[in-house]
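# Per-entry structural report
Single-letter residue listing:
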Amino acid sequence: MFAAWLSGCGPGGDQKEAGTPGAAVAIPVGHVASLTGDTATFGQSTDRGMRMAFEQINALGGVLGRPLDLLSEDDRSITEEARTAAQKLLQRDQVVALLGEIASSRSLAAAPEAQRARVPMISPGSTNPRVTEVGDYVFRACFIDPFQGTVMARFATEELGVKKVAILFDFKQDYSVGLADFFRKTFTSLGGEIVADERYTSGDIEFRAQLTTIRAAKPEAIFVPGYYTELGLIAKQARELGIDVPLLGGDGWDSEKTLEIGGSAVEGYYFSTHYAADSDSPKVQDFVRRYKEKYGATPDAMAALGYDTAGILADALRRAGDTEGAKLRDAIAATQNYEGVTGRISIDPARNARKDAVVLKIEGGKFRFYRSVPAS
Amino acid sequence: MEQFLQQVLNGIAWGSIYALIALGYTMVYGVLKLINFAHGEIYMVGAMAGYYTAHALGFATEPSLTGLFSVLLLSMAACALLGAAIERVAYRPLRSAPRLASLITAIGISLLLQNGGQLLFGADPKFFPALVTSRVALRAGTVAVSNIQLIVLGTAVVLMVGLELVVMRTRFGRAMRAVSVDAPAAALMGVPVDRVISGTFMLGSALAAAAGILVGLSNPKIDPLMGLMPGLKAFVAAVLGGIGSIPGAMVGGLLLGVVETLVSAYLSSTYRDAIAFVILIAILLYRPTGLFGAAQVEKV
Amino acid sequence: MTRGARTAAVLVGALLLLVLADLALPRLINSYYVTILARIGVAVLAAVSLQLVNGFTGQFSIGHAGFMAVGAYTGAALSVYGGAPLLAALQEWLPAPVARAVYFPAPLLAGGLAASLAGLLVGIPALRLRGDYLAIATLGFGEIIRIAILNIDAVGGARGFSLSAPAGVDLRYESLGLIGGVVAISVAVIARLCYSAGGLAFRAVREDETAAEAMGIATTRVKVEAFAVASFFAGVAGALFAHAEGYVHTNSFSFVRSFEIMAFAVLGGLGSLTGAALAAAVLTAAPELLRGLGEWRMVLYSLLIIVTMLVRPQGLLGSRELTLGFLRRRPALRTPEAE
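Residues numbered from 1 in each chain as written. Chains lettered and ligands numbered in written order. Predicted model: local features only at pLDDT ≥ 70, side-chain atom pairs only at ≥ 80, totals over all residues.

## A few points about the overall build of chain B
Rule in force here: Secondary structure elements are taken from DSSP: a helix is a run of H or I of four residues or more, a strand is a run of E of two residues or more, and numbering for both begins at the N terminus. Computation of the radius of gyration draws on C-alpha atoms, with the globule rule given as 2.2 Å multiplied by the number of residues to the power 0.38. Residue pairs qualify as contacts under a 7 Å threshold applied to their C-beta atoms, which are placed from the backbone.
When helices and strands are counted, chain B shows 11 helices and four strands. For chain B, whose C-alpha radius of gyration is 19 Å, the value lies close to the compact-globule estimate of 19 Å for 300 residues. Across its three principal axes, chain B shows a C-alpha extent of roughly 60 × 45 × 35 Å. By sequence separation, contacts in chain B at least 24 residues apart represent 78% of the contacts at least 6 residues apart.

Okay, structure coming up:
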């Protein structure tokens, strides 16, 4: 009996729900998310998007005649915790698929676990190319940083006409290091000059030393490919040091907290991301309306990506006709032209999605759609 | 050159926060020969208290100087009480026990406040309300000083001068100095040692709370674990200046702030935290009494 | 049976048990629980090794996680940059489980030696200090080590280090047999050291360093020895941890971790090896098993530490050891019980 307790359940657990004879057994889907901590809005938004998607799907009868059950495990925005969270979901809860994470560092920590367990994993928003290189069970529903770095590099040269840019990146995050790299390469190949290259660590609160060095190099813009919490503080301190040039960023900025922390300091800045809430596409508007009704807030890119990722998984489950790992993996890999809120999604042979990007401008204390950039 | 000047200015503003926290360490060590590991957490509670007070009193939405000072005073009072309570409950019973027991207990209190803070305040970072709208206040060429930096510096200076006056010019201050030189003798002379120690804790905690509010102003992200590193570094500052010496703690704090900023600017910001510990080791090995401390003879 | 034959029999028996555990346990127990058991093993080794310095020699060190980090990263780096081809070669000659069992002591030893070296480098200057200052100095060194590793890109730097290897070679080694064996041997060695006649020197230094010096004990050498040995085993624990997880990150070796290990030693009873081991095992397992305790875990830890210091400062077992003495007839070496 003790051994039975220890051994938990076997793979592909078929537990009957107690007291409901004839009820369909839910399909457990795991979600590794940063529900608390420095990047809490990423996890929270993504989770909400997924839940909303699953609710809609379940209301229409679920998938394969069974409802989808989202089991979310918090990694507190800490890299090794993502690994532990993934382990718990895979081993303890025996999930059929793992969704998450947003931060590339954390996806990189969780992915080997999914690969080892032969359970498909789909990251809704990790853009560092290394994530899907972990193995053939790891996918993503968003674009990758070689593309995103190019977007902002081109934007800076073509749209803003700047030739001299400083970079301030987060040394501790794979996302930031990678995106800074790609930006650097493209910007210099377009004839631009990186006049200062400074770094910080996520969790830092004091950036005046680096900003002073950057200010002395007289850049025309500063590229800050980090996450929103540090960005807010950086923006404030930059203004206090008299730095008035625009700051540019990536999808790590996509959070209402950027506006909350940065306040008036972030006015006039630009960043690239996955979707714009004020887009006039009817599909987007419908999603935004329903999300607002349910959660009382405008959905950000992570919510939209979560929503789409959940939808892709459900779609793949239907096509696979089974929850078994290899079959589900093949179905996900075969996803073509899935119409999502964040665009038309097709999974390519490298298990990434080719998608358009948008550039948003922070104006009047809000994110406003500025430009759309088609997938290269 | 201007850039260097700016860095030094930034460093001094940052260092004054270390100085305020270091004062608490040094005073407590002076009277009790105890390293109050929980002191960094008092700084955190000060910031949190300021956050909640600002929201409760409505200053979060309407920035004003009166708002700032009310929040500052209330927070200082709250932490003074907290400091006294900790001393009463956890340190006083162990005064005659081996030093190790007090050290371990202090670490225990530190962990308790951190983790209790996570439960009470939530682990997510909070953003201290802008009680003063930040803008550039002074400009000389490219060197810019913000109004917030001026407030931080100004408040710190006022508090430090105030402390110096209390320690040097009041009866309580004299009693404090007596207890730190020779507690049993002071007791024999009629000094109420227990009350003096309580008062010392209260003063030190109030200063740490002020540091918490000032950091909330200049670096608005606050969370329950924010006191760990600054606490340790402020301790290094106190040791650097000579533990037990009040002017030492002030100078040590400012010096550490400047060194940290310069290392961050000219070497790499990733070494920022390490430099404090390197200084600590260097001081402990080569000049354990610090810059202003007096040599101590170890009696057998 | 001669003593030699008996020892040999015990060793063979132990080896068989280890191999059995290695093969059987993963099939019987859900791998989540295997991970917990592995972590308990690491915690026990860390706590017992710290006890040598803190409890037996009375030198208060709170930078132990730094030495674990040195061991973890050294072992991991060795495996990734040199071990993988070596293991691959071994696997051509021997069946995989045997090849792995032959290979894995190597990174553990390397980690231990590196950590021991670090221990010497830290100990020699630091052990000149006493009491509070020593504690702070060790804390400082622990942090310097951690930040230094954070800046080394070759081992992943701030993003962590994954023990990845080319296909066919698995550097991850969550073998309860190996971990159990290593921990058991290490604890036995440390116990032997503490309770030998030479080990009395540690306790002499703890009780009254000046008197010990006056009696002719080379106190500095004794302290440094204790430090170096403790660091060695901390390094082994770190390397075990790195290979069991398959991934290392400096966040696992912060001073909060050092405090945790210190808590095990203190709560178990400074002066008791088995006490430290027990505390480590219980306090590592409990929060994992009691799901939902989450944030309360550390609050309870800290309350436990405070209350213990106020009410029962000698910890759970004081200076006594949990022995199986009632099973044996032979009188053990008796030492006066220090309080």
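## Comments concerning the overall build of chain A
Operational definition: Residue burial is a threshold on neighbouring C-beta atoms within 10 Å of the residue's own C-beta, all placed from the backbone, with 20 or more meaning buried, 12 or fewer meaning exposed, and counts in between meaning partly exposed.
Looking only at helices and strands, chain A features 13 helices and 14 strands. On C-alpha atoms alone, chain A measures out to a radius of gyration of 21 Å, which is about the 21 Å that the 2.2 N^0.38 rule sets for 376 residues. The dimensions of chain A, computed from C-alpha atoms along their principal axes, are 70 × 45 × 35 Å. When the 376 residues of chain A are sorted by exposure, 60% land in the buried category. Nonlocal contacts in chain A, meaning residues at least 24 apart in sequence, comprise 66% of its contacts between residues at least 6 apart.

## Structural notes on the packing of helix H1 (residues 2-32) of chain B against helix H10 (residues 246-266) of chain B
Residue and element names in this part refer to chain B. To keep it simple, the criterion reads: Axis angles are defined between N-to-C directions and span 0 to 180 degrees, where every axis is a line fitted to C-alpha atoms and, for a helix, only to the segment in contact. In what follows, roughly perpendicular refers to angles from 65 to 115 degrees, roughly parallel to angles under 35, roughly antiparallel to angles over 145, and oblique to any angle outside these ranges. For any pair of crossing helices, the crossing counts as left-handed if the nearer helix is rotated counterclockwise from the farther one by less than a right angle, and right-handed if it is rotated clockwise. All residues other than Ala, Val, Leu, Ile, Met, Phe, Trp, Tyr, Cys, Pro, Asp, Glu, Lys and Arg, Gly among them, are scored as polar; the first ten of these are nonpolar and the last four charged.
Taken N-terminus to C-terminus, the directions of H1 and H10 make an angle of 140 degrees; their axes are 6 Å apart at the nearest point. With respect to each other, H1 and H10 are oriented oblique. Where H1 crosses over H10, the two elements pack in a sense that is right-handed. Each residue belonging to the contact of H1 with H10 can be placed in one class, and the counts come to 16 nonpolar, 11 polar and one charged.

## Thoughts on the environment of A:Ala221
Residues and elements named next belong to chain A. Turning to its location among the elements, alanine 221 is positioned in strand E8 (residues 221-223). For the pair alanine 221 and isoleucine 243, spaced 22 residues apart in sequence, the C-alpha separation works out to 9.7 Å. Excluding anything up to four places from it in sequence, alanine 221 contacts Ala156, Leu160, Val162, Val165, Val245, Pro246 and Leu248.

## A short note on the sheet that holds strand E5 (residues 138-140) of chain A
Residues and elements named next belong to chain A. This is how it is decided: Strands qualify as paired when DSSP identifies two bridges or more between them.
Spatial ordering of the open sheet is given by E2-E1-E3-E4-E5, a layout of five strands whose pairing is parallel. Both outer strands of the open sheet, strand E2 (68-74) and E5, are each paired with one neighbouring strand and no more. In this sheet, adjacent strand axes meet at a mean angle of 25 degrees when their direction is disregarded. Across two bridges, strand E3 (residues 97-99) lies against strand E4 (residues 121-123) in parallel orientation. Residue pairing across strands places leucine 98 opposite methionine 121, the latter belonging to E4. Helix H2 (residues 40-59) rests against strand E1 (27-33), E2 and E3 of the sheet, and its axis sits at about 170 degrees to E2.

## What to know about the interface of chain C and chain B
Taken together, the contact pairs 31 residues of chain C with 31 residues of chain B. Considering every element that reaches the side of chain C that touches chain B, the biggest residue donor is helix H6 (residues 131-150) of chain C, with 13 residues. Taken together, the residues that form the side of chain C that touches chain B break down as 23 nonpolar, five polar and three charged.

## Considerations on helix H7 (residues 176-195) of chain C
Because the α-helix completes a turn every 3.6 residues, residues three or four places apart line up on one side. As a reminder of what qualifies: One less than the residue count of a helix, multiplied by 1.5 Å, gives the span that helix is expected to have.
With 20 residues, H7(C) extends 28 Å from end C-alpha to end C-alpha; this agrees with the ideal 28 Å at 1.5 Å per step. If you check which residues of H7(C) are buried, you get C:Leu176, C:Gly177, C:Leu178, C:Ile179, C:Gly180, C:Gly181, C:Val182, C:Val183, C:Ser186, C:Val187, C:Ile190 and C:Cys194.

## Describing unusual backbone geometry
Residues and elements named next belong to chain A. Residue glutamate 101 is bonded to the preceding glycine 100 through a cis peptide linkage, with omega at -5 degrees. Within the element layout of this structure, glutamate 101 appears in the loop between E3 and helix H4 (104-117). Here serine 77, not a glycine, exhibits a phi torsion of approximately 65 degrees, which is positive. Along the chain, serine 77 turns up in the loop between E2 and helix H3 (79-92). On the neighbour-count criterion, serine 77 (29 C-beta atoms within 10 Å) is buried. At arginine 118, a residue that is not glycine, the phi angle is positive and equals roughly 55 degrees. Mapped onto the elements, arginine 118 comes out in the loop between H4 and E4.

## Thoughts on the environment of C:Asp170
Residues and elements named next belong to chain C. On the secondary structure map, aspartate 170 appears in the loop between strand E1 (161-162) and H7. A count of 16 C-beta atoms within 10 Å places aspartate 170 in the partly exposed class. Residues aspartate 170 and histidine 243, 73 residues apart in the sequence, show an inter-C-alpha distance of 9.9 Å.

## Some points on the interface of chain A and chain C
Each side of the interface is counted separately: chain A has 19 residues, and chain C has 16 residues. Elements represented by at least two residues in the side of chain A that touches chain C include exactly helix H1 (2-7), H3 and H4 of chain A. Considering each element in turn, the side of chain A that touches chain C owes the most residues, seven residues, to H3(A). Its residues assigned to classes, the side of chain A that touches chain C comprises six nonpolar, seven polar and six charged.

## Some words on the sheet that holds strand E9 (residues 247-249) of chain A
All names here are of chain A. Spatial strand order, E7-E6-E8-E9-E10-E13-E14: seven strands in an open sheet with mixed pairing. Each edge of the open sheet is held by one strand with a lone partner, namely strand E7 (193-200) and strand E14 (366-373). Ignoring which end each strand starts from, the neighbouring axes of this sheet average 25 degrees apart. In this fold helix H8 (residues 208-216) packs onto strand E6 (164-170), E7 and E8, with an angle of close to 175 degrees to the strand it touches most, E7.

## A look at the pairing of strand E3 (residues 143-146) of chain B
Residues and elements named next belong to chain B. Residues Val143 and Val145 of E3 are buried on one face, and the alternating residues Ala144 and Ser146, pointing to the opposite face, are buried as well. Two strands pair when backbone bridges link them, and strand E2 (residues 136-140) and E3 are joined in this way by four bridges, in the antiparallel orientation. In the sheet register, leucine 138 faces E3, and the bridge partner there is valine 145. Connecting E2 to the next strand, E3, in antiparallel fashion are two residues, including glycine 141 with a positive phi near 70 degrees.

## Structural notes on the domain arrangement of chain A
All names here are of chain A. Put simply, the rule is: Each domain's extent was defined by an automatic or database domain assignment.
Entries for chain A in the domain assignment read domain 1 (26-143 + 283-345) and domain 2 (146-273 + 358-373). Listing elements by their share of the side of domain 1 that touches domain 2, those giving two or more residues are H2, H4 and helix H12 (301-320). A total of three residues in the side of domain 1 that touches domain 2 trace back to one element, the largest contributor, which is H4. The class makeup of the residues in the side of domain 1 that touches domain 2 is seven nonpolar, seven polar and three charged.

## With respect to the packing of helix H6 (residues 171-181) of chain B against helix H8 (residues 193-218) of chain B
Between two packed helices, both the angle of their axes relative to each other and the distance between the axes serve to describe the pair. Residues and elements named next belong to chain B. Where H6 contacts H8, the axes come no closer than 10 Å and their chain directions differ by 105 degrees. Comparing their axes, H8 and H6 come out roughly perpendicular. Across the interface between the two elements, Phe172, Ala175, Met176 and Val179 of H6 pack against Val193, Val196, Ile197, Gly199 and Thr200 of H8. The residue inventory of the contact of H6 with H8, partitioned by class, reads seven nonpolar, two polar and no charged.

## Observations regarding the nonpolar core
Here is the rule we go by: In these notes, a nonpolar core means any group of buried Ala, Val, Leu, Ile, Met, Phe, Trp, Tyr and Cys residues linked to one another through C-beta atoms within 7 Å.
The biggest cluster of nonpolar side chains holds 342 residues, and the ones touching the most others in it are A:Leu98 and C:Ala47. Among the elements that line this core, the one with the most residues is H1(B), at 17 residues. Two domains each donate at least three residues to this core, and these are domain 1 (26-143 + 283-345) and domain 2 (146-273 + 358-373) of chain A. In contact with C:Ala47, other than residues within four places in its own chain, are C:Ile261, C:Phe264, C:Ala265, C:Ala276, C:Ala277, C:Ala279 and C:Ala280.

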